[in-house]
Amino acid sequence: TGARAAAARRPGGAVLLSEEAGDADAALAAAERELQIALAEAAAAREAASARKETAARAAAEEEAPHARLVLVRHGQSEWNLANRFTGWVDVDLTEQGILEAREAGRLLAAAGLEIDEVHTSLMRRAIRSAVLMLSTLNQCWLPVRKHLELNEQHAGLLTGENKVSCAQKWGVDQVMAWRRNFEDPPPEIAADSAIQRAIATDRRYDAARVPSRECLSTVSRRVAGLWEGTIAPALQEGRTVLVVTHGNTLRALVAYLDGLAPEDVYHVDLPTATPLLYEFDADGAGAEAPVAGLRHARQHGVWGEREGAARHGRFLVDESRVRAAQQAMRQQVLQDIAYSMVTAPTEDGEIKTAFTAPEARQRLSMIEGEGYTVRQTPPAYFFQESERLEEQARSDLEEFRLSTRFLKVPGQKKRVRCALVLLRHGQSAFNHDKIFTGWADPDLTNRGREEARLAGKMLKVAGVERIAMVHTSLLKRAIKTAWLALDEMDLQWTPVQNTWRLNERNYGELQGRVKADCVKAHGLKQVQRWRRGFSDRPPPWSDATLVETIDRRYDLYRGGDFPPRSESLEDCQQRLRPFLYGELGESMRAAVDAALADADAGGGEYEVPTVLVVASENVLRGLVMEIEGMTQEQIPLVDVPYAVPLVYQLDSALTPVATPWAEPPLRAGWYLGDPTKVRAVQAEIQADLAVDDADDEEEACLVESFDDERGESVREWRCS
């Protein structure tokens, strides 16, 4: 009203209410336009000021942020931590408490806002499992976990498997503590024919390595130094955040190097289980010099063992009082039979929890924080018991498997086979359960999916796969976790794993995250089936919002050009798979074959067919199968890959698939390693996601089922080529 009055007022103050009203309206409109312009300019000014403030804040944060970070974490409580026994190179597993500790360590890293760039661990299950549990909790599963012999625990020699209190009673507290803590005092050697040492020396992960009979800390320090100089230090110089998950004495060697400790000070270094220790480095500044060229410690955070000269530049990510209590418990292990863990604490009556040794070897499934985990027990007596019973059970299981899958010998085939390629779809995901298009979304496995992944590992182990040369998987957690769980069941956690975006599921574009039935209602069954099962049909592309929501830092290395695709047909997916198939995968298989030939020549034994494993999503595997088998566009829509059932290909010296009678059409060379009845049941479940409701719908469908009188069974056809 005020604007209208102002616009219609003459200099003399009289308001025009008649013939000049039109002029007043025009003036009012002009004033309103000017007002909108002024408001827009004010909003833009506020946004610019806010942007300048945010830019300044980011610049200040970047200026204050350290150049690089190193996180050291000891594995969670192991079986022999619980039993208060010297472990060394024995490959014991985590306890339930250890699993909880590792998950909590991941939460601590997340709370500290750490984005890890690379992960290094040893060849031992307790460290590898702790690392992947942390990454899972951090939601950074896609980071490759690099496994190194150099990060193995110090070999405990003759003390391996012995209770620490019993050792102190036998040799004296001072002597046992010297073996445990001194820089140059190795324990007595373990005999080469000892059952424990034989089990270590014959372990396949050490085929190319010399297994020591004992080590002191200086020996560990020398083997760690090579990895530090060649891998970890260069990463820190580049400004990366590095996570190292390993063992108590290995970390003591690293800490001595990082903090410049004298040998007598290393005695007082105690690192509790699953307690992250964060070192930060500056490219300049007044901090102490670090053992990385051009970097200095950001600051000192305390001392080791209350020794003024033993500076600690790392910061524990838990309350220091908890750390001190755990360290005190560690120092009492030769005096009291303590069941050590990070949360070791006196009970209500003031007693420390007593160590526990399992009476027999076994494993069980335990539900921890809503997820199922395999928990193992390995008492020292296990290594001294005859394994005939276990071998007989394995033979029995394998015979039942062969009968159930009609595993028949083919004359001459064994001599032709030079490599086995196993394709494995991930276990059921949360989106699979809810019948949602997944694409590049990153849902987790359901508990059913976790169990399917474990079963896949068991099946491969029972079938006689003792070693996997390489695992290739995607950047999506459902595939990565399936690989982890399968390797865990096979006792092959130490197997190298390579991740690539080329094994990501086909990009479903704007179908991603939508319920399949809703897509059918919106677009029609035939169209959705063409998108889902056809060869050249692309779904509608991602919106900008979906792209921003989906593409995070795991894809930073690939950004630019045509990456990322906003939607893909199976043809597109197959095109991006070819560099992987004929590049990385081909190289892995050729390297595995060459190594197997060299082993056979060196040992004079029979050629052992190597195995390479690919774990990915269904459409990626369909694209690989189409390329490997030379399928047509009419055949590939009929391929349904069940959750976590190994699809096995035997390859000749040219890495060409060998045809087999075990394959079921439309496959000619690949065959499923599983109960055929169960495989078909899961395939039917997958097909039912977009099934034809009644006969009237068949004309509106691409996949149609009919009865073949000649074969006497139902068959499916693809009618949308």
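The structure contained in this document is the topic of the report that follows. Predicted, not measured: the structure shown is a model, and the values here were computed from it. Residue indices follow the written sequence of each chain, beginning from 1 at its first position. Where totals are concerned, whole chains, interfaces and linings use all residues; where local detail is concerned, this predicted model gives features only for residues with pLDDT of at least 70, and gives and counts side-chain atom pairs only at 80 or more. Heavy atoms throughout the structure, all of them, feed into the side-chain values; hydrogens and water do not.

## Here's the deal with the packing of aromatic side chains
Aromatic rings from Phe, Tyr and Trp, with only the six-membered ring used for Trp, were paired whenever their centres fell within 6.5 Å, and each pair was classed as stacked if the ring planes differed by under 30 degrees, edge-to-face if by over 60, and tilted otherwise. Applying the stated rule across the entire model yields 14 aromatic pairs. With a centroid separation of 5.1 Å and an interplanar angle of 35 degrees, the aromatic rings of W89 and Y206 are classed as tilted. Here W89, found in the loop between helix 3 (79-82) and helix 4 (96-111), pairs with Y206, found in the loop between helix 8 (195-201) and helix 9 (217-237); they are 117 residues apart in sequence, far enough to count as distant. Ring centres of W228 and Y257 lie 5.7 Å apart, and the angle between their planes is 85 degrees; this geometry places the pair in the edge-to-face category. Note that W228 is positioned in helix 9 and Y257 in helix 10 (residues 248-259), a separation of 29 residues in sequence. Put simply, DSSP H or I for four residues or longer makes a helix, DSSP E for two residues or longer makes a strand, and each gets a number counted from the N terminus.

## Side note on the state of the cysteines
Criterion for a disulfide: a pair of cysteine sulfur atoms at a distance within 2.5 Å. Under the defined criterion, the tally for this structure stands at one disulfide. Here C702 connects covalently by a disulfide to C720, the sulfurs 2.0 Å from one another. Handedness here is read from the sign of the S-S torsion; for C702 and C720, about -90 degrees, the answer is left-handed. One end of the pair, C702, is in the loop between helix 23 (676-687) and strand 18 (703-708); the other, C720, is in the segment after strand 19 (713-718), and 18 residues separate them in sequence. In this structure, C702 and C720 share a single accessibility class: buried. Remark: exposure states derive from per-residue accessible area (1.4 Å probe, protein chains only) relative to the maximum for the residue type, with buried under 20%, exposed over 50%, and partly exposed in between.

## Notes on the environment of Q332
Structurally, Q332 is set in the loop between helix 12 (320-331) and strand 10 (362-368). By relative accessible area, Q332 is classed as partly exposed at 22%.

## Comments concerning empty space enclosed by the protein
With a 1 Å grid laid over protein atoms only, a set of points is called a cavity when a 1.4 Å probe fits there but cannot get out and a pocket when it is open yet has protein on both sides within 12 Å along at least five of seven lines; lining residues have an atom within 4 Å of a point. Grid points are joined across faces, edges and corners, and a volume is the space filled by probe spheres set on the points. Here the structure, examined in full by the defined rule, presents three cavities of 30 Å³ or more. Of the voids in this model, the largest cavity is the one considered here, and its volume is about 440 Å³. Taken together, 29 residues line the largest cavity, and the ones lying closest to its centre are R74, E153, K164, R180 and N249. Where the lining of the largest cavity is concerned, the elements lending two or more residues are helix 7 (173-181) and helix 10. The residue inventory of the lining of the largest cavity, partitioned by class, reads nine nonpolar, eleven polar and nine charged. As a volume, the second largest cavity reaches approximately 350 Å³. R129, V132, K481, W484 and L485 are the residues nearest the centre of the second largest cavity, which is lined by 26 residues in total. Breaking the lining of the second largest cavity down by element, the ones donating at least two residues are helix 5 (125-138), strand 3 (145-147), strand 11 (371-377), helix 16 (447-462), helix 17 (477-489) and strand 14 (497-499). Of the residues forming the lining of the second largest cavity, the biggest block, seven residues, is contributed by helix 17. Three classes are used: nonpolar for Ala, Val, Leu, Ile, Met, Phe, Trp, Tyr, Cys and Pro, charged for Asp, Glu, Lys and Arg, and polar for all others, with Gly counted as polar. Looking at side-chain class alone, the lining of the second largest cavity contains 13 nonpolar, five polar and eight charged residues.

## Focus: the sheet that holds strand 13 (residues 470-473)
Pairing between strands is defined by DSSP: at least two bridges between them are needed. The mixed open sheet is built from six strands, whose spatial order is 14-13-15-12-16-17. Both outer strands of the open sheet, strand 14 and strand 17 (671-672), are each paired with one neighbouring strand and no more. When strand 12 (residues 419-425) meets strand 15 (residues 611-616), the two strands line up parallel, connected through six bridges. Across the sheet, L423 pairs through a bridge with V614, a residue of strand 15. Contacts from helix 21 (residues 570-603) reach strand 12, strand 13, strand 14, strand 15 and strand 16 (647-651), with the element oriented near 150 degrees to strand 15. Residue contacts follow a heavy-atom distance rule, with two residues in contact if any of their heavy atoms lie within 4.5 Å. Only the contacting stretch of a helix is used when fitting its axis, a line to C-alpha atoms as for every element, and angles between N-to-C directions run 0 to 180 degrees.

## Some details on the environment of L585
Relative to the helices and strands, L585 is located in helix 21. With 28 residues separating them along the chain, L585 and L613 place their C-alpha atoms 9.4 Å apart. Residues in contact with L585, not counting those within four places in the same chain, are L421, H472, F580, V612 and V614.

The quantities given are spatial measurements derived from coordinates; they are silent on function.
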